[in-house]
Amino acid sequence: QVQLQESGPGLVKPSQTLSLTCTVSGGTITAGHYTWNWIRQAPGKGMEWMGAIVSSGDTYDSPSLKSRTSISRDTSKNQFTLQLRSVTPEDTAVYYCARASVAGESRMFDYWGQGTQVTVSS
């Protein structure tokens, strides 16, 4: 079975960069037909897709976050990472990594990490 686990700091100061890592087991992030995603949920709001990295290493970002977001991977560790720059308290959220199965334009999120709480505060 596929397992994903987020790791990183739970508290980040405004203007700093948030860095999170997703460690994947039971599957390989270079395998085809899947994408590896970052999704977040702020208090009182719905889920927000942030971006993804695909098996080839190409990345895709949400237009609203593109200027502040970088997604990368370390294939030797089967990990992918999120960097969110210039954070504000509005970036406080539970952050998830998730796998999506791809069929044409369809995306189905089939495996999720447990989520990690990140608070932006001075």
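Details of the structure are given in the entry above.
Residues numbered from 1 in each chain as written. Predicted model: local features only at pLDDT ≥ 70, side-chain atom pairs only at ≥ 80, totals over all residues. Heavy atoms only, no water.

Draft legend 1. Looking closely at the side chain of D61. Position of D61 relative to the elements: it lies in strand β6 (residues 59–61). Leave out the neighbours within four places in its chain, and D61 touches W49, M50, G51, K66, T69 and I71. (Helix = DSSP H or I, 4+ residues; strand = E, 2+ residues; numbered from the N terminus. Contact = heavy atoms within 4.5 Å.)

Draft legend 2. Spotlight on a nonpolar patch on the surface. A cluster of nonpolar residues, M47, W49, Y60, F109 and W112, forms a patch on the protein surface that exposes about 500 Å² of accessible area. Elements represented by at least two residues in the nonpolar patch include exactly β5 (47–54) and β10 (106–112). Take W49: it is sitting in strand β5. By relative accessible area, W49 is classed as partly exposed at 33%. (Patch = residues over 30% accessible without salt bridge, like charges linked within 9 Å, V, L, I, M, F, W, Y side chains within 5 Å. Areas by Shrake-Rupley, 256 points an atom, 1.4 Å probe, with all protein chains shown as cover. Salt bridge = Lys/Arg side-chain N within 4 Å of Asp/Glu carboxyl O. Buried < 20%, exposed > 50% of the residue type's maximum accessible area, 1.4 Å probe, protein only.)

Draft legend 3. Highlighting the packing of aromatic side chains. Evaluated as defined, the whole model comprises four aromatic pairs. Measuring from ring centre to ring centre gives 5.7 Å for F109 and W112, while their planes differ by 50 degrees; the resulting arrangement is tilted. For F109, a relative accessible area of 32% corresponds to the partly exposed category. Among the aromatic residues, ring-to-ring pairing joins W36, W38 and F80 into one connected group. Its guanidinium or amino end placed over the ring of Y34, R99 lies 3.8 Å from that ring's centre, counting from NZ or CZ. (Phe/Tyr/Trp six-rings, centres within 6.5 Å; stacked < 30°, edge-to-face > 60°. Lys NZ or Arg CZ within 6 Å of the ring centre and 35° of its normal.)

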